[in-house]
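# Observations on the three-dimensional arrangement
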Amino acid sequence: MAVTPPRADLARRCDLPGVNIHRRGRPGMRTGRHAGEGTEILAARPYVTGDDAKRVDWNASARTGELHVKSTIGETSLNVTIVVDTSASMRTGSARRKIDTALDAAAFITEMLRSYGERPRVAFSSAAGAVALPARGPFAALATLAPEPVWGDTSSIAAAVHDAAAYGYVVAISDLFCGDEAAAAISAAAARGGALLIEIVDPTEVELPDAGAVRLVDPESGAVLTVNTGDRRLRTRWNELIAQQIAGRAAELKACGGHTATVRTDEEVSAALASQLPRRR
Amino acid sequence: MRFTQPLWLALPLLAAALALAAKTLRRRRGGAVRFAGTALLAEMVQAAPRHRATKVLGALAVIAVAFAFSEPTLPVVESTKRANVILVVDVSGSMTADDVAPTRLTAAKAAGVEFIENLPEGWKVGIVSFSDTPAVIVAPTDDTAVAAANLQTLAARGGTATGDALNLAIDTGRAGGPERLSEALEKGDDLADPSRSVVVLLSDGKQTAGENTTDAAALRAQRLGVPIFTIAFGTDAGEIEVMYPDGTLRAISVAPDLDTSRRIAELSGGAFFTAVSGEQLAEVYRSVRAVLEKERQERDISNPFAYAAALSAAAAVLWWAKRGATP
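Presented here is a report on the structure given in the accompanying data block. (Residues numbered from 1 in each chain as written. Chains lettered and ligands numbered in written order. Predicted model: local features only at pLDDT ≥ 70, side-chain atom pairs only at ≥ 80, totals over all residues. Heavy atoms only, no water.)

## Focus: the packing of aromatic side chains
Counted by the stated rule, this structure contains two aromatic pairs over all chains. Note on Trp238(A) and Phe35(B): the rings are 5.8 Å apart at their centroids and 55° apart in plane angle, and the pair reads as tilted. Placement of Trp238(A) in helix α9 (residues 232-255) and of Phe35(B) in the loop between β2 (33-34) and α2 (38-45) is noted, with the two residues assigned to different chains. Judged by its relative accessible area of 0%, Trp238(A) is buried. (Phe/Tyr/Trp six-rings, centres within 6.5 Å; stacked < 30°, edge-to-face > 60°. Helix = DSSP H or I, 4+ residues; strand = E, 2+ residues; numbered from the N terminus. Buried < 20%, exposed > 50% of the residue type's maximum accessible area, 1.4 Å probe, protein only.)

If you want it as structure tokens, here you go:
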């Protein structure tokens, strides 16, 4: 798998939806221009004229004989976890594989957050645990970290999303067939720390093509289905069902305070996301 | 039920084996497209009930085709009304010729006795002999011993009134027994509820006497549904000695008339045989017996199966075309 580097100019113009408005993950009554000093203690350093007297570390001063102050580390504004679905269904795709598009979307989000000075973590459905991405450097790291989707892999992002929700903001990147469990987990994450669902959609899924009688295999369950795609009624029913599903999921997520964005496998990822994410203020 | 072509019944098994092989081969070969929404699509389509109907209809069609081609036959259920075979034996003077040892008539009697004694089940036998005029020797009866004994008493002299003999044989056969014989002779074609009958004519020459022609008799037989099996008996070298009015004894040729015999059989819907010896005659009688056996038993019922097959196949195809997918 190779990750196409995202367009930095577009990425820097965007922001995560829902964050500025609700200030999730940031305690406090009012919005300020800068981040506060924070309360996370980093170290004790020698006193320098101008330091706030309240910050004197008496224990350290007593031990060393010199005045020391506590230095704190400013909290990073948002703990973001990017959860990427690497189940078998992501391996399909007509123009490009959905997993490749998903990794490109993850790279775009990472570039966006890096320009804020944040370091997102990334988690995958078929591997346990979240890994922090390096603050700088090429996006090839994403490709090496991501496990290749395997046929028959039915792993769901529900567990990873659930864990990431406790950490902060969740960006879930998946396809339309991630399951109801995952959808519920994303809604819960939206209510908790905020969530963005990026749906990777293949054109053949949204509009079933007319290919005559076709044998289809489900990549996850292995079930075989022989379908006559020449039947126009069948195609119309399918298109409507999928449209309904997308709309339903978006509405459900919105009700919980989350957001959705859609990227098709046949369009450029950066442009698609930049047009759907809010502009940075 | 019996099957004339029983090998066709293996067709459904063969078809099932082929279908199974095709299914397993297809699976191994692959050639399917991986589509992430397959499970959802399968749920949406929910084709199971209609697919089952298609499979059932298709299987029924194959079975019906197998039955139709295997030509099933059912025994004809006519227990009360049995059929009659009337032996018509030529006892004209030409039957004394010795080209068939010892004489034509002796050989014919011997073969006839053998035929009567080995008559297939369900047939009654009657005997009509004829020379210048025909006569019913034995009315159709089950009693083969009586019939055989009477056959032995025949003696040869006189001319050949074949046409009249055939007409008498037809009426005797349709009567079905001595009780109705006089009624049959009176009413002729108008006899109500006639028995099924078959006539076996053993003759060695052209008609030389009698009012009705063999053609007329044969056409009447065809109209009434009585097939006439003809046996032209004798060789071309047959000769008899005849006393002429001037007192001289001359030999005249009594070769059998094959054309007339053949015509009678063709017109009436029977079969034509020739025999030049006692053994051949016995062979011929055996063939006739075989035909009688088959006639009693066969009633081909393959047609309904053929129709059922066609309907099932048509329904299956329409059903398959209607729905969108198979699981």
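Picking up after the structure, the text goes on.
## A word on the interface of chain B and chain A
Contact residues are listed per partner, giving 20 residues for chain B and 28 residues for chain A. Carbon and sulfur atoms supply 68% of the area buried between chain B and chain A, which totals about 2,200 Å² over both sides. Looking at the side of chain B facing chain A, the largest losses of area belong to Arg34(B), Phe35(B) and Met44(B), adding up to 30% of the total buried there. Put simply, chain B and chain A have zero salt bridges between them. Between chain B and chain A we count six residue pairs in polar contact (both at pLDDT 80 or more) in total. It is α2(B) that provides the largest number of residues to the side of chain B that touches chain A, a total of seven residues. Bridging between strand β8 (residues 213-217) of chain A and β2(B) involves two bridges; their strand directions are parallel. When the sheet's bridge partners are listed, Val217(A) is paired in β2(B) with Arg34(B). (Contact = heavy atoms within 4.5 Å. Buried area = accessible area lost by both parts, 1.4 Å probe. Salt bridge = Lys/Arg side-chain N within 4 Å of Asp/Glu carboxyl O. Polar contact = N/O pair within 3.5 Å; in protein donor to acceptor, adjacent residues only side chain to side chain. Pairing = 2+ DSSP bridges.)

## Remarks on empty space enclosed by the protein
Residue and element names in this part refer to chain B. All chains considered together, the criterion is met by four cavities of 30 Å³ or more. Within the residue set of the lining of the largest cavity, elements represented by two or more residues are β7 (197-203) and α9 (258-268). It is α9 that provides the largest number of residues to the lining of the largest cavity, a total of three residues. The class makeup of the residues in the lining of the largest cavity is four nonpolar, seven polar and three charged. (1 Å grid on protein atoms, 1.4 Å probe; cavity = no way out; pocket = protein on both sides within 12 Å on 5 of 7 lines; lining within 4 Å. Points joined across faces, edges and corners; volume = space filled by probe spheres on them. Nonpolar A, V, L, I, M, F, W, Y, C, P; charged D, E, K, R; others polar.)

## Quick look at a nonpolar patch on the surface
Residues and elements named next belong to chain A. On the surface, a cluster of nonpolar side chains totalling about 340 Å² of accessible area is made up of Tyr 47, Trp 58 and Leu 67. Assignment of secondary structure puts Trp 58 in helix α3 (residues 58-64). Given a relative accessible area of 60%, Trp 58 falls into the exposed group. (Patch = residues over 30% accessible without salt bridge, like charges linked within 9 Å, V, L, I, M, F, W, Y side chains within 5 Å. Areas by Shrake-Rupley, 256 points an atom, 1.4 Å probe, with all protein chains shown as cover.)

## Some remarks on the pattern of salt bridges
Where side chains of opposite charge bring their charged atoms close, a pairing between them can arise. Residues and elements named next belong to chain B. Here the structure, examined in full by the defined rule, presents 19 salt bridges over all chains. Close ionic contact of Asp 204 with Arg 104 constitutes a salt bridge, the shortest N to O distance being 2.6 Å. A residue pair is termed long-range when its members are at least 10 positions apart, and Asp 204 in the loop between β7 and α8 (214-224) and Arg 104 in helix α4 (residues 104-117) qualify at 100 residues. Note on accessibility: Asp 204 and Arg 104 belong to one class, buried. The shortest N-O distance in the salt bridge between Asp 246 and Arg 250 comes to 3.5 Å.

## Re the sheet that holds strand β7 (residues 195-201) of chain A
Residue and element names in this part refer to chain A. Taken together, the six strands give an open sheet; going across it, the order is β5-β4-β3-β6-β7-β10, and neighbouring strands pair in mixed fashion. Both edges of this open sheet fall to β5 (127-132) and β10 (259-264), since each of them pairs with a single strand only. Strand-to-strand twist of the sheet, defined as the mean angle between neighbouring strand axes without regard to direction, takes the value 20°. Pairing of β7 with β10, which is carried by six bridges, proceeds in the parallel orientation. By the bridge assignment for β10, Glu 199 is matched with Thr 262. Contacts from helix α4 (residues 98-114) reach β3 (80-84), β4 (121-124), β6 (169-175), β7 and β10 within the one sheet, and its direction differs from that of β3 by about 170°. This element, helix α10 (residues 269-276), spans β7 and β10 of the sheet and lies at about 155° to β10. (Axes fitted to C-alpha atoms, helices over the stretch in contact; angles between N-to-C directions.)

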